[in-house]
Amino acid sequence: MSSPATFLVTGATGNQGGSTVRELLKAGYRVHALVRDSSKPQAKELESLGAVLFVGDYKSADVIKQAAVGVKGIFINPYPDITDYGRGVARTVDTLVISTAIRADKYVEWAEKHPEHLMQAFGRSKFAAENVVRESGIKHWTVLRPPWLFQNLIYPQSQMHFPELHTKRLLTTVIRLDIPFPQLDAHDVGRFAAAVFASPEKFSGKTIELAAQHLTLGDSVKEMEKVAGVTIPHNLITPEELVKTSTDPRAPFRAAIADLQNSTGEFLLLSPKELEALAGYGVPLTTWGEYLEKNQDKLRATLGLSG
């Protein structure tokens, strides 16, 4: 019998990369995992599951070249400079999967209308990264475009957008509670990536907008209250109020992200045709309610609940 294929996963200790590693190992493949620090618990866990660790970051071209030797495919998230080592791995790699952001092309159009916005570079960089992959010359490439991730409301990621959720059980938010937008479990990106590596021809040359549900932030909070059995008060503030009152150096970016979310929610929504096509790939996607039920311990920790 031939040996199982080997895949390189960058950003391996992140939610998306870590999920990709686990899904590939579970399917019987070998995995090279690029990690910044091999002593961290997340890296040690992946190693205990069978991943081979390579220590470096997205600028470590020599490390990435070494990690890419003999691999059949590479998962990229976020975007490293693959132009540095693409030539060196092209003979063995036949599949590239990149995870960027939902409607990255639309964000470019939005950025052109808002050139002074702090987040104007967001869509440009994501779309540019996609184009490098499309033009890489690799036989099979697939672009996955995840939306807002469930993990943004769960500690520790919640510290970025909703820091008082953990400290005061209060949702102080600049994101409006009544605007629906696509949402997804970050771990389902890993499921999709593993499916691509298993059947690259099926996904070859495709750009796939991902979403499990369209939810408002208000919908998300209500589900959290239901599962946790507590009330979560909210406090809606403006971007200007956030920047003026917060001592967090990330506040301007948090305000800019929220402003972007409020401004682009409508064009992010997937059409019924797109949702049907997404379901046709046969990759099960987790709902917000399912995620919370499965991660009640994380939810309780987020809300400062004991036990």
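Before reading on, note that the structure itself is shown above.
Quick caveat, the model's predicted, so the values are computed rather than measured.

Brief notes about unusual backbone geometry
And step 1. Residue proline 156 is bonded to the preceding tyrosine 155 through a cis peptide linkage, with omega at 10 degrees.
And step 2. A positive phi is found at arginine 103, a non-glycine position, where the angle reads about 55 degrees.
And step 3. Within the element layout of this structure, arginine 103 appears in the loop between strand 5 (95–99) and helix 5 (104–113).
And step 4. The phi angle at arginine 169 is positive, at roughly 55 degrees, despite the residue not being glycine.
And step 5. You can see arginine 169 is positioned in the loop between helix 8 (163–167) and strand 8 (171–173).

A look at the packing of aromatic side chains
And step 1. Per the stated rule, a full pass over the model turns up 12 aromatic pairs.
And step 2. With centroids separated by 5.2 Å and ring planes inclined at 85 degrees, the aromatic side chains of phenylalanine 7 and tyrosine 29 adopt a geometry described as edge-to-face. In this pair, phenylalanine 7 is assigned in strand 1 (residues 6–9) and tyrosine 29 in the loop between helix 1 (15–26) and strand 2 (30–35), connecting sequence segments 22 residues apart.
And step 3. Between the aromatic rings of tryptophan 288 and tyrosine 291, the centroid separation amounts to 5.8 Å while the plane-to-plane angle is 10 degrees, which identifies the pairing as stacked. Of the two residues, tryptophan 288 and tyrosine 291 both sit in helix 15 (residues 288–294), three residues apart, roughly one turn of that helix.
And step 4. Its relative accessible area of 2% is what places tryptophan 288 among the buried residues.

Rules of the game
- Residues numbered from 1 in each chain as written.
- Predicted model: local features only at pLDDT ≥ 70, side-chain atom pairs only at ≥ 80, totals over all residues.
- Heavy atoms only, no water.
- Helix = DSSP H or I, 4+ residues; strand = E, 2+ residues; numbered from the N terminus.
- Phe/Tyr/Trp six-rings, centres within 6.5 Å; stacked < 30°, edge-to-face > 60°.
- Buried < 20%, exposed > 50% of the residue type's maximum accessible area, 1.4 Å probe, protein only.

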